Amino acid sequence: MTSTLFRGGSFVTWADEPVEALVVEDGRVAWTGTAASAPATDEVLHLSGRCVLPGFVDSHTHLVFGGDRAEEFEARITGTAYAAGGIRTTVAATRAASTQELLARAQRLAHEALRSGTTTLEVKSGYGLTVEDERRCLEVARAITPHATFLGAHVAPDGDAAVYTSLVAGEMLDACAPLATAVDAFCEEGAFDVDQCREVLSAGKERGLGVHVHANQLRPGPGVQLAAELGALSADHCTHLSEADIQTLRDADVVATLVPGAEFSTRSPYAPARRLLDAGVLVALATDCNPGTSFTTSIPFVIALACRELGMTPQEAVLAATLGGATALGQDDIGHLRVGARADLVVLEAPSPTWLAYRPGVDLVHSVFKDGVAVR
Ligand code: NIG
Ligand code: FE
């Protein structure tokens, strides 16, 4: 197998020691060190001053859906508030779409994400909401990523959440668990209450699925506390947090996955990232890509928002979009470029990752490598 030496630029690896050169072999990072001590390799890639980062890990997306909600977005611009019930519009369009159509759309979005530097994606179901449609959505998710999350508890399709919850935790989970690596639930007024979420998430956990919770998105609530109680990998959104919620996240080692693209698009207050970071909570940044609240696949956009609106430093934002996302997915060989990591990397047409926020809206990605192979 070919070995390649990357040199002549700067590296963000999240290793303790500074790195001036890096060798990729067999799809993994095989060596890092000083330029002077670099080993002989088959190929040398001169970076010409560019910057190398770990590929982004987008740990929260809803890429499988039919239709769009441009009209709903336009209404928000003129003052209509976002509500959980909007999900049902996408559910109708998703059920009406063929599996081929859903797959083609999801693949287009995954390709768009890859071009912007995302080398790992989590993808949720949640717009099917029947046993058959949720299974179909997870089949599509699995065709594009190993990280597929069952979100049957997204909203009750007919409004009766109690009856629907039993279906989700029973027959629907039976059909979907073999295709999923994790389970999620939307703990929110207008979606599911804390007991209903506990029923679904515990049933998923018993089957060995990782747990995520859509928590405290639209108002304060019990979602974060439930995430801690169940030993969840992450509590996602975390927009409305009390001091007790923040302490709980830290003490229970639950990742707070922040999705500022959703607040941007719904014109809502941003999550208290500074309070979380200052308290020592592990933070991830993700796109939440979905047609209702955040129709973007761009982690560079999310990093720019995190710096401008959440008060995160560029270093904190890039850490959250790489190692933070990996931790939220329970993965230890992505999100960093220490020796042994998967060779998933992004080369920026810029001298440092600060430029992702400094030059918002500009495509700064020079190239992308997935398992050591150039994909852009
Ligand atoms: O993460 N909050 C729940 N789910 C999505 C929104 C889904 C929708 O509006 O279609 C979210 O924001
Ligand atoms: Fe979401």
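About the criteria used
Residues numbered from 1 in each chain as written. Chains lettered and ligands numbered in written order. Predicted model: local features only at pLDDT ≥ 70, side-chain atom pairs only at ≥ 80, totals over all residues. Helix = DSSP H or I, 4+ residues; strand = E, 2+ residues; numbered from the N terminus. Rg over C-alpha atoms; globule rule 2.2 N^0.38 Å. Buried ≥ 20, exposed ≤ 12 C-beta atoms within 10 Å, placed from the backbone. Contact = placed C-beta atoms within 7 Å. Axes fitted to C-alpha atoms, helices over the stretch in contact; angles between N-to-C directions. Parallel < 35°, antiparallel > 145°, perpendicular 65-115°, else oblique. Nonpolar A, V, L, I, M, F, W, Y, C, P; charged D, E, K, R; others polar. Near = placed C-beta within 6 Å. Pairing = 2+ DSSP bridges. Domains from an automatic or database assignment. Core = buried A, V, L, I, M, F, W, Y, C linked by C-beta atoms within 7 Å. Left-handed = near helix turned anticlockwise from the far one by under 90°.

Caption draft 1: Looking closely at the overall build of the protein. Counting secondary structure elements, the protein contains 13 helices and 17 strands. Scaling as 2.2 N^0.38, a compact globule of 376 residues should have a C-alpha radius of gyration of about 21 Å, and the protein matches this with 20 Å. Summarising its shape, the C-alpha atoms of the protein cover approximately 65 × 45 × 40 Å along the three principal directions. Residues counted as buried form 55% of the 376 residues belonging to the protein. Long-range pairs, those at least 24 residues apart, make up 70% of the contacts in the protein with a sequence separation of at least 6.

Caption draft 2: Structural view of the packing of helix α5 (residues 161–176) against helix α6 (residues 194–206). Close contact between α5 and α6 brings their axes to 10 Å; oriented N to C, the two are set at 0°. Compared by their axis directions, α5 and α6 come out roughly parallel. Of the residues in α6, those in contact with Ala161, Thr165, Val168, Ala169 and Leu173 of α5 are Gln196, Glu199, Val200, Ala203 and Gly204. Of the residues contributing to the contact of α5 with α6, the split by class is six nonpolar, three polar and one charged.

Caption draft 3: Highlighting the site of ligand 1. All residues in the neighbourhood of ligand 1 are listed as His62, Gly86, Ile87, Thr90, Phe186, His214, Gln217, Ala262, Asp288, Asn290, Gly292 and Thr293. The residue inventory of the shell around ligand 1, partitioned by class, reads three nonpolar, eight polar and one charged.

Caption draft 4: Here's a closer look at the sheet that holds strand β1 (residues 3–7). With respect to topology, four strands assemble into an open sheet ordered β4-β3-β1-β5, the strand pairing being mixed. The open sheet has two free edges, formed respectively by β4 (28–33) and β5 (43–46), since each of these has just one partner strand. Shown here is a sheet whose adjacent strand axes are inclined to one another by a mean of 25°, direction ignored. Bridge count for strand β3 (residues 21–25) against β4 is five bridges, and the pairing is antiparallel. If you follow valine 24 over to β4, its bridge partner there is valine 29.

Caption draft 5: Quick look at the sheet that holds strand β15 (residues 345–348). Read across the open sheet, the five strands follow the order β2-β6-β15-β16-β17; overall the sheet is mixed. Bordering the open sheet on either side are β2 (10–11) and β17 (373–374), each of which pairs with just one other strand. Sheet topology note: the β2/strand β6 (residues 51–54) ladder contains two bridges and is parallel. What sits directly across from phenylalanine 11, in β6, is valine 52.

Caption draft 6: Representation of the domain arrangement of the protein. In terms of domain boundaries, the protein breaks down into domain 1 (3–54 + 337–374) and domain 2 (56–328). Contacts between domain 1 and domain 2 engage 15 residues on the former and 17 residues on the latter. Secondary-structure elements contributing two or more residues to the side of domain 1 that touches domain 2 are β6, α13 (355–358) and β16 (365–370). Among the elements that take part in the side of domain 1 that touches domain 2, β16 stands out by supplying three residues, more than any other. Here the residues of the side of domain 1 that touches domain 2 sort into twelve nonpolar, one polar and two charged.

Caption draft 7: The arrangement of the pairing of strand β8 (residues 118–124) in detail. The element β8 is largely enclosed, with a buried count of seven among its seven residues. Sheet topology places β8 next to strand β9 (residues 147–153); three bridges connect them, and they run parallel. What sits directly across from lysine 124, in β9, is threonine 149.

Caption draft 8: Broad picture of the nonpolar core. One finds Val213 and Ile303 to be the most contacted residues of the largest nonpolar core, which totals 124 residues. Counting only domains with at least three residues in this core, you end up with domain 1 (3–54 + 337–374) and domain 2 (56–328). The contact partners of isoleucine 303, leaving out residues within four places of it in the chain, are Leu285, Ala317, Val318, Ala321, Leu356 and Ala357.

Caption draft 9: Local environment of the pairing of β15. In β15, alternate side chains face the same way, and those of Leu345 and Val347 on one face and Val346 and Leu348 on the other are all buried. Inspection of the sheet shows β15 paired to β16 by four bridges, in the antiparallel sense. Looking at β16, one finds that leucine 348 is bridged to valine 365.

Caption draft 10: Structural view of the packing of helix α11 (residues 299–309) against helix α12 (residues 314–328). Relative to each other, α11 and α12 sit at 140°, their axes nearing to 9 Å. Between α11 and α12, the interaxial angle falls into the category oblique. Relative to α12, the crossing made by α11 is right-handed. Only Pro314, Ala317, Val318 and Ala321 of α12 make contact with α11, whose side of the interface consists of Ile299, Val302, Ile303, Ala306 and Cys307. Looking at side-chain class alone, the contact of α11 with α12 contains nine nonpolar, no polar and no charged residues.

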